[in-house]
Amino acid sequence: MSESVGRRYLFTTVARRARALLVLPLAPLLLSAVHPAIAATTTTRPKGKDMNIDDASGNLDPYRLPRHVVPHRYDLRLEPDLRAATFSGLAVIAVTVTHATSTIILNAVDLTISSATLEGTAGGRLDATVELDAAMQRCRLTFSRSLAVGEAQLTLVFQGTLNDHLRGFYRSTYKDQAGVSHTMAATQFEATDARRAFPCWDEPDFKAVFATTLVIDPSLTAVSNASVLSDSVLSGKRIMRFADSMKMSTYLVAFIVGQLEATKALYVGSTPLRLWTVPGKQPLTRFGHEIAAASLTFFEEYYGIPYPGDKLDLLAIPDFASGAMENLGAITFRETALLVDEHTGTHAERERVADVVAHENAHMWFGDLVTMSWWNGLWLNEAFATFMEMLAVDAWKPEWKRWDAFGVSRAAAFSVDGLLSTRPIEYPVRAPKDADAMFDVLTYEKGASVLRMLEQHIGPAVFREGVRHYLRAHAYGNADTNDLWVALGQASKQAVPELMNGWIFQSGYPLVTVRQDNETELVLSQQRFTYLASPESTEQSWQIPVPLRITAGGTTEHRRLLLADREVRVSLPKGVQHLFVNEAGHGFYRVRYESSLLQRILEAGVDRLAPSERFNLVSDVWATTVSGLTPLSDYLRLTSHFTGERDKNVWAVLLDAFSFLNRIIAAADRPVLEAFVRARLLPAVTELTWQPKPGEDDLVRQLRGELIGVLGKLGNDPAIQAQAAEQYRLYRADPSRVDPNVVPALVAILAYTGDEVRYNEFFERSRTAATPQEERRYLFALAAFQAPALLARTLARTVSGEMRTQDAPFVVSAVMGNVYGREQAWEFVKTNWDLMDRLFPKQGLRRMCGGIVALATAELEQDVRAFFLSRKIDLGGKTLDQYLEQLRIAVTFRERERDRLPIYLQSQQPGA
Ligand code: BES
Ligand code: ZN
């Protein structure tokens with residue numbers, strides 16, 4: 001090992017020069033690039049007073065590192081042994097000692113550190129004693145003398161295992177087309193797992209330059225954050241040296257090793273852009289490559305800053321815990337999020353790839369170039385990336401109407417943020433577990449929603465100007481929410497913190513109630529919306545941008561209000577016919593009309609409303625139905641206005657409510673619900689038929705697939721089921737005979753009605769599928785059967801090693817969502833909890849637990865609570881409380897409506 005240190009230094013000057021060239025075009029813009037000290041001191045922590053130095057005093061944050069020794073450059077050398085599933089490493093870290101000390105504390109976990117030496121300050125070479133604190137994931141280096149203030153170089157030699165938990169430096173396996181198994185290795189460091197691969201200052205505001213060298217088997221290749229500087233074979237080992245990265249956080253470091261294949265580079269300006277796959281999957285790269293290039297181009301223009309890396313590789317990893325990860329220059333993906341067959345993929349599958357690729361590319365600036373100071377500010381990364389993803393995909397394919405589909409995301413945020421156990425978007429974070437729990441719908445979807453609201457309020461051009469200011473001011477550094485407000489405030493000349501702090505630092509969101517007081521006065525009032533009655537009265541309020549559309553005397557006017565008080569009165573023109581609040585639907589609030597106002601909207605015809613407005617109308621009335629403000633019968637009657645609906649998002653919100661009813665209805669009454677679902681869906685399905693019309697757009701094709709699927713399952717329609725079987729036969733004989741968007745519905749229906757023969761067939765297909773999407777489709781179909789014995793086999797397979805752990809927890813959760821399997825799935829979870837806890841990635845386990853919200857009977861709820869309580873299970877942050885509250889809401893609804901529901905449903909039948 002030690003002889004390689006010398007060799008690495010031979011290249012140091014070359015590396016610096018290469019980096020300097022890369023920085024050059026940015027330098028005039030980004031002064032901090034040439035002043036490495038700036039970013040290191042950009043932190044929320046006051047200087048001097050709180051260096052978090054002496055962790056014996058008791059009043060310091062045990063989860064934060066002391067800051068008296070600060071790294072600025074890591075030279076990393078890693079040598080993975082894929083067969084033995086181990087790695088050895090060498091880290092040479094250039095540090096600045098700012099306060100004399102005899103200890104250095106940094107992060108490390110599940111590593112063995114065999115030597116630690118320091119050279120530099122006060123001359124000579126000092127060996128340290130190394131103590132690892134597994135619980136705190138730290139390592140303490142103690143030196144026999146005090147280290148003087150100044151520059152020093154810390155050399156650490158360490159060993160670790162390539163784990164199977166999809167975090168840190170981990171191993172991923174796959175079978176080639178001949179069925180032979182292969183192993184590769186990849187990294188996933190966010191939030192706090194870089195410390196599992198090399199000892200480091202693993203906090204986002206310890207930014208540094210990383211120069212990586214990988215020593216690998218010559219039959220393999222490696223990819224890291226920067227371009228390849230040299231590539232040679234020495235003593236039977238391939239040595240790949242990568243250029244210096246830009247100054248960045250540890251969680252963005254990545255290295256991937258395996259038998260990988262790459263596309264040819266597409267150039268975006270001077271940036272080569274490539275997609276990497278395991279052998280044989282290159283035919284699935286075209287679509288992802290296209291959106292990658294389009295979104296990179298879009299962002300360079302939007303941000304007004306060139307892409308900050310020296311190349312960009314996008315890699316599909318067979319085992320991957322989340323959807324994708326924004327490692328600078330080496331973005332990693334699960335296969336379904338990057339690879340898709342353009343001919344057999346559905347619209348939803350292609351949209352998913354476009355979204356994820358655009359999202360990760362957006363992070364190259366938001367997140368990578370400018371990073372939140374600490375995990376409480378995660379929304380600055382994720383909300384922005386989610387928002388920018390929409391902008392980029394919308395610009396790329398306007399016909400996809402991406403912002404309309406965003407309603408589904410906003411609704412997902414509404415449903416968690418309507419809980420008493422919700423949290424503000426920005427929320428205190430101490431332990432790593434709580435950092436992990438920040439990756440939720442509030443950070444992503446609520447965050448992106450309030451950004452969209454703000455963008456529409458101050459205007460897209462002004463908003464973009466503010467974003468550009470912010471990125472320029474904090475490039476290569478860290479920032480906090482207030483830094484963003486300052487930049488947006490400068491651009492908009494408006495009081496942004498006053499407007500926005502309520503949305504970011506307060507829990508929940510408002511319900512705006514609308515009533516007409518007399519002929520000429522409208523009253524808008526706000527109160528917090530929650531599904532369950534709040535034990536304490538909340539006096540919360542928000543500054544709410546309210547665009548208002550009023551039609552009176554045949555003319556329509558548009559007004560924009562800011563509802564800042566609890567109530568506001570608006571004068572109306574004479575002869576109001578109808579009016580609509582939250583015009584265009586960008587606001588993060590719900591609206592409740594008094595019944596005469598709602599009646600007038602419906603009488604004027606819902607087709608007068610924009611799709612996003614129809615979406616919000618249905619979503620808001622449903623939410624107030626669940627909370628008990630609107631009678632269930634009113635909601636069911638409202639749905640009758642939507643049989644002519646042809647927007648897939650509006651349908652999604654309707655279908656979601658129908659499946660909620662399916663979870664709370666008594667088994668004996670289910671046929672009445674099935675008949676209701678058929679009555680609502682049949683007109684649309686009959687008109688759409690099974691075959692797309694010539695020239696039909698993607699969105700209608702997708703809608704067809706979704707409606708057929710629900711009609712065949714929830715609607716339990718025998719004719720549809722028979723036709724599905726026939727269509728599936730056609731599809732098997734010749735895939736081009738059936739529109740790809742209908743295929744998922746066929747598979748789902750045949751599983752729903754399927755026997756053991758079908759089960760075995762689908763299981764087999766999941767193993768031999770030609771695309772990641774097809775594999776996923778057949779895998780999840782195994783959760784959709786009805787026969788308990790078949791579902792038992794599916795559950796058993798989630799822990800038997802037959803299923804990837806990236807998928808297994810989601811399959812368990814899908815069985816919990818199947819009303820014919822939920823009890824069994826819950827029993828299975830209880831029995832196998834310890835095993836699952838050991839096998840599944842943390843994130844997957846957390847998401848699996850989300851499945852409990854479907855266990856909507858009083859008995860199951862009790863059992864669920866008792867289990868989590870007695871086992872003292874903590875899913876991080878407020879995650880578990882939120883799941884339990886969602887379950888409480890469903891059970892409350894069930895208890896309240898159970899007896900009336902079948903009667904109401906019956907009365908909605910045609911001819912009733
Ligand atoms: N930074 C995240 C990846 C991540 C997620 C790391 C959770 C650690 C924990 C990445 O940018 C991301 O947001 N990925 C999403 C997909 C995206 C399109 C919403 C994901 O993985 O679900
Ligand atoms: Zn992200």
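Worth saying up front: this structure is predicted, and the values here are computed from it rather than measured.

**Description of the overall build of the protein chain**
1) Next: Counting its regular elements, the protein chain contains 29 helices and 30 strands.
2) Next: For 912 residues, the compact-globule estimate of 2.2 N^0.38 gives 29 Å, and the protein chain sits close to it at 28 Å.
3) Next: Based on the C-alpha atoms only, the size of the protein chain along its principal axes is roughly 90 × 65 × 55 Å.
4) Next: For the protein chain, the residues scored as buried account for 61% of the 912 residues in total.
5) Next: In the protein chain, the proportion of contacts linking residues at least 24 apart, taken out of those at least 6 apart, comes to 71%.
6) Next: Carbon and sulfur atoms make up 52% of the accessible area of the protein chain, which amounts to about 33,500 Å² in all.
7) Next: Positive and negative side-chain charges of the protein chain, numbering 98 and 106 respectively, have mean locations separated by a distance of 1 Å.

**Considering the packing of helix H14 (residues 611-626) against helix H28 (residues 879-897)**
1) Next: Contact geometry for H14 and H28: axes closest at 10 Å, N-to-C directions at 75 degrees. In terms of their interaxial angle, H14 and H28 are classed as roughly perpendicular. From H14, Trp622, Thr625 and Val626 reach across to H28, where they touch Ile889, Phe893 and Arg896.
2) Next: A breakdown of the residues in the contact of H14 with H28 according to their chemical character gives four nonpolar, one polar and one charged.

**With respect to the layout of surface pockets**
1) Next: The volume enclosed by the second largest pocket comes to roughly 1,300 Å³.
2) Next: Ranked by the residues each element gives to the lining of the second largest pocket, the list is headed by strand S9 (residues 168-175), at five residues.
3) Next: Broken down by class, the residue content of the lining of the second largest pocket amounts to 15 nonpolar, 14 polar and 14 charged.

**Comments concerning the domain arrangement of the protein chain**
1) Next: Looking at the assigned domains, one finds that the protein chain contains domain 1 (20-354), domain 2 (379-505) and domain 3 (510-587 + 589-611).
2) Next: On a C-alpha basis, the centres of domain 1 and domain 3 stand 50 Å from each other.

**Examining the sheet that holds strand S26 (residues 544-552)**
Paired through their backbone hydrogen bonds, the strands of a sheet run either parallel or antiparallel.
1) Next: Spatially, the three strands line up as an open sheet ordered S27-S26-S29, and their pairing is antiparallel. Edge strands, defined here as strands with exactly one partner in the open sheet, are strand S27 (555-563) and strand S29 (576-581). The sheet shows a mean angle of 20 degrees between the axes of neighbouring strands, taken without regard to direction.
2) Next: Relative to S27, S26 runs antiparallel, the two sharing nine bridges. Among the inter-strand pairings, Ile550 is bridged to a residue of S27, identified as Glu557.

The rules behind the values
Residues numbered from 1 in each chain as written. Chains lettered and ligands numbered in written order. Predicted model: local features only at pLDDT ≥ 70, side-chain atom pairs only at ≥ 80, totals over all residues. Heavy atoms only, no water. Helix = DSSP H or I, 4+ residues; strand = E, 2+ residues; numbered from the N terminus. Rg over C-alpha atoms; globule rule 2.2 N^0.38 Å. Buried < 20%, exposed > 50% of the residue type's maximum accessible area, 1.4 Å probe, protein only. Contact = heavy atoms within 4.5 Å. Areas by Shrake-Rupley, 256 points an atom, 1.4 Å probe, with all protein chains shown as cover. Lys, Arg positive; Asp, Glu negative; His and termini not counted. Charge placed at Lys NZ, Arg CZ, Asp CG, Glu CD. Axes fitted to C-alpha atoms, helices over the stretch in contact; angles between N-to-C directions. Parallel < 35°, antiparallel > 145°, perpendicular 65-115°, else oblique. Nonpolar A, V, L, I, M, F, W, Y, C, P; charged D, E, K, R; others polar. 1 Å grid on protein atoms, 1.4 Å probe; cavity = no way out; pocket = protein on both sides within 12 Å on 5 of 7 lines; lining within 4 Å. Points joined across faces, edges and corners; volume = space filled by probe spheres on them. Domains from an automatic or database assignment. Pairing = 2+ DSSP bridges.

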